[in-house]
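# Per-entry structural report
The lines below spell out each chain.
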Amino acid sequence: MKVTGQKDLSKELTTEDLVKLVTLKGKHEEIEKIQDKVLRTFADMVNVAERARASGDAEALEKREAPVFEDSSTKELTTEDLLNLVTEKVELLKEKHKEIEKMQGTCTAMMKLVTKREELLKSKQEEIEKTQDNVVLTLVYLVIATWFALLMLVLICAKMQRGY
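Residues numbered from 1 in each chain as written. Predicted model: local features only at pLDDT ≥ 70, side-chain atom pairs only at ≥ 80, totals over all residues. Heavy atoms only, no water.

- For the protein chain, the name recorded in an unreviewed UniProt entry is Transmembrane protein, with Rhododendron simsii as its organism.

Here is the structure:
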């Protein structure tokens, strides 16, 4: 069915255009869901704050909330205010994420250095153990040689006393 005066849009739109429209509609729905979650979360935060004030924990709550609510003077925030607040917090999180990534890079480099040093220490320890083993063997050979030399001296002295 065609209404007079309107163009047939289905013939003018390509498959690619239709896919884009469907994708945009999905993105719009996703944005609406996120906005709804943000509004609900904010409402929950306001409720928690009101309960804390009512129960006498207002001072502790104000200290905890100060960075988040320092510039808001009313309970009613517009969607734009909430969006700005969320955007600001996302940017802060991105900066913190970058700092964490830098720290991870530093930690990774330090771990590699520690691992190399540990391997070097193990190889040095093995060298020392081999050297110790060689020293012990040498000492054993020296003790045996000394005993043998002493035995020979005793035999020579005994022969000399007998007159040979």
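That was the structure; now back to the text.
## Focus on the overall build of the protein chain
- Scanning the protein chain from terminus to terminus reveals four helices and zero strands.
- Beginning at the N terminus, the succession of helices and strands in the protein chain can be written as α-α-α-α.
- Taken over 164 residues, the protein chain has a buried fraction of 5%.
- For the protein chain, the exposed area adds up to about 15,300 Å²; of that, 62% sits on carbon and sulfur atoms. (Helix = DSSP H or I, 4+ residues; strand = E, 2+ residues; numbered from the N terminus. Buried < 20%, exposed > 50% of the residue type's maximum accessible area, 1.4 Å probe, protein only. Areas by Shrake-Rupley, 256 points an atom, 1.4 Å probe, with all protein chains shown as cover.)

## Things to note about helix α4 (residues 79-162)
- Helix length check: α4, at 84 residues, gives a terminal C-alpha distance of 121 Å against a target of 124 Å (1.5 Å per residue), a fit within 8%.
- The first or second residue beyond α4 is glycine 163, which carries a positive phi of 100°. (Expected span 1.5 Å × (residues − 1).)

## Observations concerning the confidence of the model for the protein chain
- Confidence in the prediction of the protein chain, expressed as mean pLDDT, is 77, and 76% of residues score 70 or more.
- Mean pLDDT values for the elements of the protein chain range from 51 in helix α3 (residues 58-69) up to 88 in α4.
- For residues 1-6, every residue scores under 50 in pLDDT, and the model assigns this stretch one contact once sequence neighbours within four places are set aside.
- In this model, residues 65-74 is a region of pLDDT below 50 whose contacts with residues beyond four sequence positions or in other chains number nine contacts. (pLDDT = per-residue confidence, 0-100. Contact = heavy atoms within 4.5 Å.)

## Remarks on a nonpolar patch on the surface
- Together, Phe148, Leu151, Met152, Leu155, Ile156 and Met160 line one region of the surface with nonpolar side chains, adding up to about 610 Å² of accessible area.
- The residue methionine 160 is located in helix α4 in this model.
- In this structure methionine 160 comes out as exposed when scored by relative accessible area, which is 59%. (Patch = residues over 30% accessible without salt bridge, like charges linked within 9 Å, V, L, I, M, F, W, Y side chains within 5 Å. Salt bridge = Lys/Arg side-chain N within 4 Å of Asp/Glu carboxyl O.)

## Some details on the UniProt feature "transmembrane region" (unreviewed entry) in the protein chain
- Within the UniProt annotation, "transmembrane region" (unreviewed entry) is assigned to residues 135-158.
- Across residues 135-158 one finds 100% helix and 0% strand; the C-alpha atoms that close the span lie 34 Å apart. (UniProt positions renumbered as here; feature names shortened; annotations may be inferred.)

## A few points about a negative patch on the surface
- A grouping of Glu126, Glu127, Glu129 and Asp133 is seen on the molecular surface, where their side chains present a negatively charged patch.
- Within the secondary structure layout, glutamate 127 lies in helix α4. (Lys, Arg positive; Asp, Glu negative; His and termini not counted. Charge placed at Lys NZ, Arg CZ, Asp CG, Glu CD.)

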